[in-house]
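Chain and residue survey
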Amino acid sequence: MGESSSWDRTVLLVDGDRRFRHEAAQALDRAGWTVVEAASGEEALTIASRTEISLAIVEVRLIDISGYEVCRRLRETRGERLPILFVSHDRTEAHDRVAGLLVGADDYLVKPVALDELIARVRRQLQRVASTEPTTDAHLTAREHDVLLLLVRGLGPVEIASELEISPSTVATHIEHLYGKLGVHTRAQAVASAFRLGLVDTRSPVRAGIGARA
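Residues numbered from 1 in each chain as written. Predicted model: local features only at pLDDT ≥ 70, side-chain atom pairs only at ≥ 80, totals over all residues. Heavy atoms only, no water.

Side note on helix H3 (residues 67-78)
- Between its first and last C-alpha atoms H3 spans 16 Å; for twelve residues at 1.5 Å apiece the expected length is 16 Å, and the two agree.
- For H3, the complete set of buried residues consists of Gly-67, Val-70, Cys-71, Leu-74, Arg-75 and Arg-78. Looking straight down H3, one finds its buried side chains confined to an arc of 135°; they lie on one side.
- Contacts made by the buried residues of H3 are with helix H2 (41-50), strand E3 (55-59), strand E4 (84-88) and helix H9 (187-196).
- Note on H3: the residue one or two positions beyond its end, Gly-79, has a positive phi of about 85°. (Helix = DSSP H or I, 4+ residues; strand = E, 2+ residues; numbered from the N terminus. Expected span 1.5 Å × (residues − 1). Buried < 20%, exposed > 50% of the residue type's maximum accessible area, 1.4 Å probe, protein only. Arc of directions from axis to C-beta. Contact = heavy atoms within 4.5 Å.)

This is how it looks when you write it as structure tokens:
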């Protein structure tokens, strides 16, 4: 898979079944990934809040909150670019798999899971993300970069419009384009992507004025 930074080699494995976690973690480790394990949903979310992960494998039925809720909250904070795979021992019917995909999972595996298949599914999801991952700010126009920097600084659309001396509707258009280019849906996701991809330096000045770049 080529050169990789540490964060894009880290898999979060969430399952209350210690035996499955042990076997899956060993297989992932042999395949070259770093694995962080969680036995519950809340533990997984705590780990995800302080660890940069590249993919999550989540059991649907957990001892506290459901895997569906873990998926929803990971989507809120990490965006659509984080691959999430559900595994389940008892939610095995077709409608269960459909429900899992509808709540935001990228894949759904029924236990018992063949470890070579698990590795193949993980590799495929990470390759999918890598093929579309923005790597520099070359994809952003100068004005989009200004708007992103102000979003990171905590300004709202009206404040950004005032700062850049452009209309709120123009700001809204820039934000829409930013979200599309970053593959996100919320301000929090855009800010997280900006830092992860190194797109902004909060010490940089913002260029005001309408000009041709508005």
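Focus: the pairing of E3
- Among the five residues that make up E3, five are buried, leaving the element largely enclosed by the rest of the structure.
- Because side chains alternate across E3, one face comprises the buried residues Leu-55, Ile-57 and Glu-59, and the other comprises Ala-56 and Val-58, equally buried.
- Relative to E3, strand E1 (residues 10-14) runs parallel, the two being bridged by four bridges. Bridging across to E3, Leu-13 finds its partner in Ile-57.
- Pairing analysis gives four bridges linking E3 to E4, with the strands arranged parallel. When the sheet's bridge partners are listed, Glu-59 is paired in E4 with Val-87.
- Regarding topology, H3 serves as the crossover connection from E3 to the parallel E4, and that connection is right-handed. (Pairing = 2+ DSSP bridges. Right-handed = clockwise from strand over helix to strand, strands pointing away.)

What to know about the packing of aromatic side chains
- Per the counting criterion, the structure on display carries two aromatic pairs.
- Ring centres 5.4 Å apart and planes at 65° place the aromatic pair Tyr-68 and Phe-86 in the edge-to-face group. Taken as a pair, Tyr-68 in helix H3 and Phe-86 in strand E4 lie far apart in primary sequence, 18 residues in all.
- Judged by centre distance (6.0 Å) and plane angle (75°), the ring pair of Phe-86 and Tyr-108 falls under edge-to-face. Here Phe-86, found in strand E4, pairs with Tyr-108, found in strand E5 (residues 107-110); they are 22 residues apart in sequence, far enough to count as distant. Each member of the pair Phe-86 and Tyr-108 is classed as buried.
- Each member of the aromatic cluster is reached from another via a ring pair, and the members are Tyr-68, Phe-86 and Tyr-108. (Phe/Tyr/Trp six-rings, centres within 6.5 Å; stacked < 30°, edge-to-face > 60°.)

Some details on the side chain of Lys-111
- Here Lys-111 is to be found in the loop between E5 and helix H5 (115-132).
- Side chain to side chain, Lys-111 and Asp-15 meet in a polar contact 2.6 Å long.
- Not counting residues up to four positions away in its chain, the partners in contact with Lys-111 are Asp-15, Asp-17, Phe-20, Glu-59, Val-87, Ser-88 and His-89. (Polar contact = N/O pair within 3.5 Å; in protein donor to acceptor, adjacent residues only side chain to side chain.)

A word on the side chain of Arg-78
- With respect to the helices and strands, Arg-78 occurs in helix H3.
- Among the polar contacts listed, one links the side chain of Arg-78 to the backbone oxygen of Ala-48, at a separation of 2.2 Å.
- Setting aside residues no more than four positions away along its own chain, Arg-78 makes contact with Ala-48, Ser-49, Thr-51, Glu-52, Ile-53 and Gln-189.

Focus on the pattern of salt bridges
- Applying the stated criterion across every chain, the model contains 16 salt bridges.
- Here Asp-146 and Arg-143 are joined by a salt bridge, their closest N and O atoms 3.0 Å apart. Taken together, the residues span about one helical turn, with Asp-146 and Arg-143 both in helix H6 (residues 142-152) at a distance of three residues. Of the two residues, Asp-146 and Arg-143, both sit in the buried class. (Salt bridge = Lys/Arg side-chain N within 4 Å of Asp/Glu carboxyl O.)

As for the nonpolar core
- Ranked by internal contacts, the top residues of the largest apolar core, which has 22 residues, are Val-147, Leu-148, Ile-160 and Leu-182.
- Elements with a minimum of two residues in this core: H6, helix H7 (157-164), helix H8 (168-182) and H9.
- The next biggest cluster of nonpolar side chains, apart from the first, holds 21 residues, and it includes Ile-47, Ile-53, Leu-62 and Tyr-108. (Core = buried A, V, L, I, M, F, W, Y, C linked by side-chain atoms within 4.5 Å.)

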